[in-house]
Every structure is written in C-alpha cells, then in structure tokens.
There are 2 protein chains.
Amino acid sequence: MAAKKANHDAIRGSLDLMVLSVLAEGPQYGYRILQRLSEVSEGTVDLKPGTLYPMLHRLETDKLIKARWEKESTRPRKWYELTKLGRSRLAEQAREWEHYAKILRQLLEPILRQAPGCSARAT
Amino acid sequence: MAAKKANHDAIRGSLDLMVLSVLAEGPQYGYRILQRLSEVSEGTVDLKPGTLYPMLHRLETDKLIKARWEKESTRPRKWYELTKLGRSRLAEQAREWEHYAKILRQLLEPILRQAPGCSARAT
DNA sequence: CTGCTATATGTAGTCATGCTATATATATAG
DNA sequence: CTATATATATAGCATGACTACATATAGCAG
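Below you will find a few notes about this structure. In this text, all values refer to a predicted model and were calculated from it rather than measured experimentally.

### Overview of the overall build of chain A
Move 1: Across its full length, chain A carries four helices and three strands.
Move 2: A burial count over chain A gives 41% of its 123 residues as buried.
Move 3: Counted over contacts in chain A with a minimum sequence separation of 6, partners at least 24 positions apart contribute 45%.

### A look at the protein's contact with DNA strand C
Move 1: Taken together, 30 residues form the shell around DNA strand C, and within it Tyr 31, Arg 75 and Arg 77 of chain A together with Gly 13 and Arg 75 of chain B come nearest.
Move 2: Atoms of DNA strand C within 4 Å of the protein: sugar and phosphate make up 71%, bases the balance.
Move 3: Between DNA strand C and the protein, one listed contact pairs a phosphate oxygen with a side-chain N or O atom of Tyr 29 of chain A at 2.9 Å.
Move 4: Here Gly 13 of chain B contributes a backbone N or O atom positioned 2.7 Å from a phosphate oxygen of DNA strand C.
Move 5: When residues of the surface near DNA strand C are traced back to their parent elements, those giving at least two are α2 (30-40), α3 (49-61) and β3 (77-82) of chain A together with α1 (15-24) and α3 (49-61) of chain B.
Move 6: With five residues, α3 of chain A is the single largest residue contributor to the surface near DNA strand C.
Move 7: The residue inventory of the surface near DNA strand C, partitioned by class, reads 11 nonpolar, nine polar and 10 charged.

### Let's talk about the relation of the copies chain B and chain A
Move 1: With an RMSD of 0.0 Å, the operation that places chain B on chain A is a rotation of 180 degrees combined with a shift of 0.0 Å along the axis. In the structure described here, the two chain copies are related by an operation that fits a two-fold rotation axis. If distances are taken from each C-alpha of chain B to the rotation axis, the shortest is found for Arg 12 of chain B, at 2.9 Å.
Move 2: A share of 100% of interface residues in chain B that are also interface residues in chain A marks the association as one of identical surfaces.

### What about the packing of aromatic side chains?
The way to describe two aromatic rings as a pair is by their centre distance and the angle between their planes.
Move 1: Summed over the entire model, instances satisfying the criterion amount to two aromatic pairs over all chains.
Move 2: For the pair Tyr 29 of chain B and Trp 79 of chain B, a centre-to-centre distance of 5.1 Å together with 65 degrees between the ring planes defines the contact as edge-to-face. Taken together, the residues span a long stretch of sequence, with Tyr 29 of chain B in strand β1 (residues 28-29) and Trp 79 of chain B in strand β3 (residues 77-82) at a distance of 50 residues.
Move 3: Positioned above the aromatic ring of Trp 69 of chain A, the side-chain terminus of Lys 71 of chain A is 5.2 Å from the ring centre.

### Let's talk about the interface of chain B and chain A
Move 1: With 49 residues of chain B at the contact, the number on the chain A side is 49 residues.
Move 2: Between chain B and chain A lies a buried interface of about 4400 Å² when both sides are counted; carbon and sulfur atoms form 71% of it.
Move 3: Contact with chain A buries area across many residues of chain B, yet Trp 97, Tyr 100 and Leu 107 of chain B alone supply 15% of it, more than any other trio.
Move 4: Viewed at the interface, chain A and chain B are joined by zero salt bridges.
Move 5: Scanning the region where chain B abuts chain A turns up six residue pairs in polar contact (both at pLDDT 80 or more).
Move 6: Of all the elements in the fold, those that place two or more residues in the side of chain B that touches chain A are α1, α2 (30-40) and α4 (84-113) of chain B.
Move 7: With 22 residues, the single largest contributor to the side of chain B that touches chain A is α4 of chain B.
Move 8: Residue classes in the side of chain B that touches chain A are distributed as 26 nonpolar, 13 polar and 10 charged.

### Brief notes about α3 of chain B
Residue and element names in this part refer to chain B.
Move 1: The end-to-end C-alpha distance of α3 is 18 Å, a good match for the 18 Å that 13 residues give at a rise of 1.5 Å each.
Move 2: For α3, every residue scored as buried is listed here: Leu 52, Met 55, Leu 56 and Leu 59. The arc enclosing the buried residues of α3, seen along the axis, measures out at 105 degrees, which places them on a common side. Exposed side of α3, more than 90 degrees from the buried face: Gly 50 and Thr 61 are the residues found there.
Move 3: Count one or two residues on from α3 and you reach Lys 63, which has phi positive near 65 degrees.

### What to know about the nonpolar core
Move 1: Within the largest apolar cluster, 70 residues are counted, with the highest numbers of intra-cluster contacts made by Met 18, Val 19 and Leu 37 of chain A together with Val 19 and Leu 37 of chain B.
Move 2: Contact partners of Met 18 of chain A, with chain neighbours within four places excluded, come to Ile 11, Leu 37 and Val 45 of chain A together with Ile 103, Leu 104 and Leu 107 of chain B.

### Comments concerning the sheet that holds β3 of chain B
Residue and element names in this part refer to chain B.
Move 1: Read across the sheet, three strands follow the order β1-β3-β2 without closing on themselves; strand pairing throughout is antiparallel. Strands with a single pairing partner mark the edges of an open sheet, and in this sheet they are β1 and β2 (65-70).
Move 2: In this sheet, β3 lies alongside β1 in antiparallel orientation, the contact comprising two bridges. Bridging from a neighbouring strand, Tyr 29 pairs with Trp 79 of β3.
Move 3: Contacts between α1 and the sheet are confined to β1, β2 and β3, with β3 contributing the most and set at about 90 degrees to the helix.

The rules behind each value
- Within every chain, residues take consecutive numbers counted from 1 along the sequence as written.
- Each chain gets a letter, beginning with A, and each ligand a number, beginning with 1, in the order they are written.
- Given that the model is predicted, a residue must reach a pLDDT of at least 70 before its local features are reported, and side-chain atom pairs must reach 80 or more before they are shown or counted; all residues, however, enter totals for whole chains, interfaces and linings.
- Each side-chain value is worked out from all heavy atoms of the structure, with water and hydrogens disregarded.
- Numbered from the N terminus, helices here are DSSP runs of H or I no shorter than four residues, and strands are runs of E no shorter than two.
- Under the scheme applied here, a residue whose accessible area is under 20% of the maximum for its type counts as buried, over 50% as exposed, and between as partly exposed, the area being computed with a 1.4 Å probe on protein chains only.
- Should any heavy atoms of two residues lie within 4.5 Å, those residues are counted as being in contact.
- Residues are labelled near a given molecule or strand when at least one of their non-hydrogen atoms is within 4 Å of it.
- Polar contacts here mean pairs of N or O atoms no more than 3.5 Å apart (in protein, one a potential hydrogen donor and the other a potential acceptor; neighbouring residues in sequence count only if both atoms are side-chain atoms).
- Ten residues, namely Ala, Val, Leu, Ile, Met, Phe, Trp, Tyr, Cys and Pro, are considered nonpolar, four, namely Asp, Glu, Lys and Arg, are considered charged, and the remaining ones, Gly among them, are considered polar.
- In superposing the copies, a least-squares fit is computed on C-alpha atoms, taking residues whose pLDDT is at least 70 in both.
- Here is the rule: rings of Phe, Tyr and Trp (six-membered ring for Trp) pair when centre to centre is within 6.5 Å. Planes less than 30 degrees apart are stacked, more than 60 are edge-to-face, and the remainder are tilted.
- Placement of a positive charge over a ring is assigned whenever Lys NZ or Arg CZ falls within 6 Å of the ring centre and within 35 degrees of the normal to the ring plane.
- Buried surface area refers to the total accessible area, computed with a probe of radius 1.4 Å, that the two partners give up upon joining, counted for both partners together.
- A carboxyl oxygen of Asp or Glu within 4 Å of a side-chain nitrogen of Lys or Arg is what we treat as a salt bridge.
- Given the number of residues in a helix, its expected span is that number minus one, multiplied by 1.5 Å.
- It is the directions from the helix axis to the C-beta atoms whose arc is reported.
- To qualify as a nonpolar core, a set must consist of buried Ala, Val, Leu, Ile, Met, Phe, Trp, Tyr and Cys residues joined through side-chain atoms within 4.5 Å.
- Any two strands with at least two DSSP bridges between them are considered paired.
- Fitted lines through C-alpha atoms serve as axes, helices being fitted only where they are in contact, and the angles separating the N-to-C directions of these axes extend from 0 to 180 degrees.

Okay, here's the thing in structure tokens:
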C-alpha cells in the first residue's frame, strides 16, 4: 500500500489535455511526446510508455488524432497529429479546464495564502 | 456508451482537494458539502451523494478527516472536520495542484489565445 | 564482437476513482 | 396522505492510469 505513484492526482483527468496540447504544437510521435511533457514540466510530469501508448490508441479510436507510420527514419516511428475534431475538442476542453481551475483556485486561495506549516501529526 | 457524465474530466483527481477545501472553511456535514460545491461552482460541479459519501469514508480511513454524529439536530447528521494531518496534506496538495495548473496553463495558453472556432467535423 | 544504454512501440493485469442506481429514513409542505 | 427536501449509505460498473513486462534496433564503449 501507499505505493509510490508516477504522477500526482492533480493531473488525473488532464492527461488527455496535456497530450493533445503537445500535438497542437505539431505532429509528433509517442516517445517524443513523453520527452516533451517531461521537458515542459521540468521532470515533474513523468508519463510512462505504458500509460501513453494505450492513451494514444484511445484518442485515435475517438478520432481526435490520426496516426501514420514512418518507416524511412533510423527506426520506425508512429506519428500522430490532431484531426479537426481533435482540435476543436481540445479548444473546448481547454476552456472547460480553465473554468474548473478558476473554481479550484478560488477554493484553494485561502489555503495557499497561509504559511506553509509542514508539521504533519495526526489529530 | 458516451453516457452523460455528471462531472467533467478536468476535475478528476481534484475532487478530494475540493472537499478538503470546503472542510478547511470549518466543520461540515455531507449534504452541505454537496450544496457548498454546487454553490461555489455556480452549479457546474455536481457531485452526487454516491460519489461523496464513499469519498468521505475513504478520507476518514486515511485519517485526513474525522467524523462525529450529531443526534440532537432535526435529523441525524455526520459532521466532518479536518485532522491536523488532513490540514497539512491539503496545504501540500494545494501547492502541488498549483504547480501542475501552471504547467497546464502554459501548455494551453496558445490554444486559448486562438479564436474559439467551434466547427467540429472529422478530418 | 559483445554488451549496455537509448530509442521506440506495445500488451497484460491490476487498482482506485468516480459514476449510476438504489435503499433507507424523517421532517416539512401542500 | 402524499410528495419533496433533507440526510446518509451501499452495490456494482466503467474506465483511467499505474506497474511490469515484452519486443526490437541503433549506437557506443570496451
């Protein structure tokens, strides 16, 4: 129990959004998406292959992205890019994310304004 | 399939945070937490009893909150309040949430800056 | 040439979260 | 006396995200 988790709960439900956002920068293949997410988050987002690839397959099934194999490179890569549906869905979800982020920030504001006292003993 | 979901993916993984935040305002009982969340979100967060109560039980098991029955009111209510552990965990998770929110906002910024064109046909 | 590391994609199996649906019980309003 | 709001709770399910593992090749160090 209490097994260490790769990523924080806070990004649960936002992983699709993260991946789609990376693809909004342009077509990309899986391995690079992992690197890109690690890069923009300075290592704090540590998506594992076993999480990403099934995700990409799901997004493809949902027609939000489309894939194409590239065989000519040093080694085969599967490039993904947003479909039109994916692009509009991303925009929509981005706006919704902002909406909820605003609510949460409002709730968390008083907590964050306090001193970050780190004592943690059970009551 | 594609059954309507009560809440948006964006808040997945942040529900604990929301509930703990409400309890940071002071002790509260379940039914009121639901109302409070609906209130601060202007109805957009629509937590169901079947989601909240098991959650409260879990948070109690984890010693983040503690419960006490109130039998003297018009009808029995179970009041919850943060433990010290819960309070520090909340502060910690709030800071972590902010961290990831910042990363996401950074990723979403270029998307949100664009016009919200809503055409959604598959490519 | 051998073995290690980085690149690159993938599946299997598990667990926790959040959902719907349902159950129970009482106070209050019509 | 019936319907609605209050108040808590459980059962069962879907799925997201995880760990662990499998596969394969390029490139480099020795």
